[in-house]
Amino acid sequence: MYTLLSGLYKYMFQKDEYCVLILGLDNAGKTTFLEQTKTKFSKNYKGMNLSKVTTTVGLNIGTIDVGKARLMFWDLGGQEELQSLWDKYYAECHGVIYVIDSTDEERLSESKEAFEKMICSEVLEGVPLLILANKQDVPNCLSVPDIKTAFSDSAPKIGKRDCLVQPCTALTGDGVNEGIQWMVKCVVRNIHRPPRQKDIT
């Protein structure tokens, strides 16, 4: 009887856990995005003052529950010397969120280089990819079409995976809900069936 009740309890209340990496250059807004995500999806979570978010050295960790899914985020430092550590986390992840600073055109090629190195990893083959064009609230920032154009020759390297480019303003929370809901849908679906060829949307 206990086994039956225990199994029923797990079926009703246990969450399926998925690990999602948050990657991108330093100052792209990764930690701010994570804080906004935790604030929006976790009851009673009192987030840090977003104006006091500093550059991540190492990693930040956060967890949210969305329906029956539990997403565990690993926000990794984006400085050049820390990017070499990213691949140590690839084997454990079910999804990747790549954050681009839409206001920093000077470092766009650097961001693209880090992006291409990441997506070419065989370990990440088929893993859903959410690309966030962050800081869209800043006048004259790069638009989503601008970023798609800049990253266009990276498209063939993305391969067989779900991929979405999402406008976002992590500081205000715009685009956060949409991005997270998309990622949840993809990681859950990806677990249960082989990925199919997808173009960037």
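Residues numbered from 1 in each chain as written. Predicted model: local features only at pLDDT ≥ 70, side-chain atom pairs only at ≥ 80, totals over all residues. Heavy atoms only, no water.

### Quick look at the sheet that holds strand β1 (residues 16–23)
Then, in step 1: The strand order β2-β3-β1-β4-β5-β6 describes an open sheet built from 6 strands, whose pairing is mixed. If you trace the sheet from one side to the other, it starts and ends with β2 (59–66) and β6 (163–167), each paired once. Averaged over all neighbouring strand pairs, the angle between strand axes comes to 20 degrees, with direction disregarded.
Then, in step 2: Sheet topology note: the strand β4 (residues 95–101)/strand β5 (residues 129–134) ladder contains 6 bridges and is parallel. What sits directly across from Y98, in β5, is I131. (Pairing = 2+ DSSP bridges. Helix = DSSP H or I, 4+ residues; strand = E, 2+ residues; numbered from the N terminus. Axes fitted to C-alpha atoms, helices over the stretch in contact; angles between N-to-C directions.)

### Brief notes about the UniProt feature "binding site: Mg(2+)" (unreviewed entry) in the protein
Then, in step 1: UniProt tags T31 and T56 as "binding site: Mg(2+)" (unreviewed entry).
Then, in step 2: With respect to the helices and strands, T31 occurs in helix α2 (residues 30–41).
Then, in step 3: With relative accessibility at 9%, the residue T31 sits in the buried group. (UniProt positions renumbered as here; feature names shortened; annotations may be inferred. Buried < 20%, exposed > 50% of the residue type's maximum accessible area, 1.4 Å probe, protein only.)

### Here's the deal with unusual backbone geometry
Then, in step 1: One non-glycine residue with positive phi stands out, namely N27, at about 70 degrees.
Then, in step 2: Tracing the chain through its elements places N27 in the loop between β1 and α2.
Then, in step 3: On the accessibility criterion, N27 (55% relative accessible area) is exposed.
Then, in step 4: In this model, N140 sits at a positive phi of 65 degrees, which is unusual for a non-glycine residue.
Then, in step 5: Examined against the element boundaries, N140 turns out to sit in the loop between β5 and α5 (144–150).

### Some remarks on the pattern of salt bridges
Then, in step 1: Overall, the coordinates contain 10 salt bridges when judged by the stated rule.
Then, in step 2: Between R107 and D26 there is a salt bridge, and its shortest N-O distance comes to 2.9 Å. Note that R107 is positioned in the loop between β4 and α4 (108–119) and D26 in the loop between β1 and α2, a separation of 81 residues in sequence.
Then, in step 3: Look at R107 and you get partly exposed, because its relative accessible area is 22%.
Then, in step 4: Measuring nitrogen to oxygen at the nearest pair gives 3.4 Å for the salt bridge that ties K88 to D87.
Then, in step 5: Three or more residues are tied together by salt bridges with common partners; here these are E17, D65 and R70. (Salt bridge = Lys/Arg side-chain N within 4 Å of Asp/Glu carboxyl O.)

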